[in-house]
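# Understanding the architecture of this molecule
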Amino acid sequence: MGLSGPDRARRLAGIVLPGLLATAMLAACTGGEGRPASDSASAEPTPVGQAPSDDVSGSAAATDLTMPGNVRGTSDTTGGHERGGDIATLLSARTSPPSVDGVERLVFEFDGESVPRYQMAYLEPPYVQCGSGHPVTVAGDAVLQLRLRGTRAHAESAEQILPTVTERDRKLDQPLLRQLILTCDFEGEVEWLLGLTSRLPFRILELESPARLVVDFSPPR
């Protein structure tokens, strides 16, 4: 028998599970080495013909936020693709160290072939959790919200709900990106708040194989 509406809402509003259980499950699904089992960025070189590495430190082109053909801005930005009613699963949220030019990269990886619909916008306080309305404190002097539509950050069955992203409130000791906190994972909507040092310009890339939403932040010039 499936979870009732109230029970499911309570379970989704605050998924807090033992880290070892969640990690063991994710490791089993990925052979113990796949990126969904770890939210850290990969800096391994990528063979020709495959999707680029998350790492920006060795690529001058990746640090150029004026590259053509990429979404770029500091205000409300939308994109992504409809999946015909299917719910996308967020597999990981990870960061890369600053590049030689000070660009910091944030990568959200999904199952499937395309990035789901998203919206990014800078917010003004107060900041709250979507289900409970409880206030949220975010480090930094500016907060950028990423809202993912038709997406979940957990896997569920009739018996249990397990997060696919286990680190949901992450303090970051980086010059630009100070905190990454998940504030909603309910009824096909996932929201992250990104605490930044200021309202920084950002660039968005939509990558395939695997499906990834990449956000690059540039330091003030």
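Since the model is a prediction, treat every value here as computed from it, not as a measurement. (Residues numbered from 1 in each chain as written. Predicted model: local features only at pLDDT ≥ 70, side-chain atom pairs only at ≥ 80, totals over all residues. Heavy atoms only, no water.)

### Quick look at the overall build of the chain
Going by this rule: Per the convention used, a helix needs a DSSP run of H or I reaching at least four residues, while a strand needs a run of E reaching at least two, with both numbered from the N terminus. Between two residues, a contact is recorded if the distance between any of their heavy atoms is within 4.5 Å. Residue-level accessible areas treat just the shown protein chains as cover; the underlying method is Shrake-Rupley with a 1.4 Å probe.
Looking only at helices and strands, the chain features two helices and 16 strands. Nonlocal contacts in the chain, meaning residues at least 24 apart in sequence, comprise 70% of its contacts between residues at least 6 apart. For the chain, the exposed area adds up to about 11,000 Å²; of that, 52% sits on carbon and sulfur atoms.

### Observations concerning the state of the cysteines
Rules: Defined by distance alone, a disulfide is two cysteine sulfur atoms within 2.5 Å. To sort residues, take the accessible area from a 1.4 Å probe on protein chains only and compare it with the maximum for the residue type: under 20% means buried, over 50% means exposed, and anything in between is partly exposed.
Throughout the structure, instances matching the rule amount to one disulfide. Between the sulfur atoms of C130 and its disulfide mate C184 the distance is 2.2 Å. Of note, the bridge from C130 to C184 carries an S-S torsion of about 75 degrees and is right-handed in sense. Residue C130 is found in the loop between β6 (127-128) and β7 (135-136), and its partner C184 is found in strand β13 (residues 177-186); the two are separated by 54 residues along the sequence. Judged by its relative accessible area of 38%, C130 is partly exposed. The buried category is assigned to C184, whose relative accessible area is 4%.

### Focus: the pattern of salt bridges
Our working definition: In the sections that follow, a salt bridge refers to a side-chain nitrogen of Lys or Arg positioned within 4 Å of a carboxyl oxygen of Asp or Glu.
Within the structure shown, the criterion is met by eleven salt bridges. A salt bridge links D185 to R168, with the nearest nitrogen and oxygen atoms 3.2 Å apart. Of the two residues, D185 is situated in strand β13 and R168 in the loop between β11 (161-163) and β12 (169-171); the sequence distance between them amounts to 17 residues. Like D185, the residue R168 is buried in the burial classification.

### Regarding the pairing of β13
What counts is decided by this rule: At least two bridges found by DSSP between two strands is the condition for calling them paired.
Of all ten residues in β13, eight are buried; the element is thus mostly enclosed. From the end of β12 to the start of β13, which pair antiparallel, there are five residues. The sheet contact formed by β13 and strand β14 (residues 189-196) spans eight bridges and is antiparallel. When the bridges of β14 are listed, F186 appears paired with E189. Between β13 and β14, which pair antiparallel and follow one another directly, the connecting turn spans two residues, one of which, E187, has a positive phi of 50 degrees.

### Details of the sheet that holds β13
Going by this rule: Between N-to-C directions, angles cover 0 to 180 degrees, with each direction set by a line fitted to C-alpha atoms, over the stretch in contact for helices.
Taken in spatial order, the six strands of this open sheet run β2-β5-β8-β14-β13-β12, and their pairing is antiparallel. Taken across any chain shown, the strands that pair with only one partner, and hence form the sheet edges, are β2 (77-79) and β12. Taking each pair of neighbouring strands and ignoring which way they run, the sheet shows an average axis angle of 15 degrees. As defined by bridge partners, β2 adjoins strand β5 (residues 118-123) across three bridges and the pair is classed as antiparallel. Bridge assignment links T77 to a residue of β5, and that residue is M120.

### What to know about the nonpolar core
Formally: Among buried residues, those of type Ala, Val, Leu, Ile, Met, Phe, Trp, Tyr and Cys that are joined through side-chain atoms within 4.5 Å constitute a nonpolar core.
Ranked by internal contacts, the top residues of the largest apolar core, which has 31 residues, are F108, W192, L213 and F217. Elements supplying a minimum of two residues to this core: β3 (88-96), β4 (104-110), β5, β8 (142-149), β13, β14, β15 (202-207) and β16 (211-217). Non-local contacts of L213, meaning those with residues more than four positions away in its chain, are made with L106, V107, F108, F110, V115, Y118, L146, L148, I204, L205 and E206. Judged by nonpolar contacts, the second largest core, of six residues, contains Y127, V143, I181 and L193.

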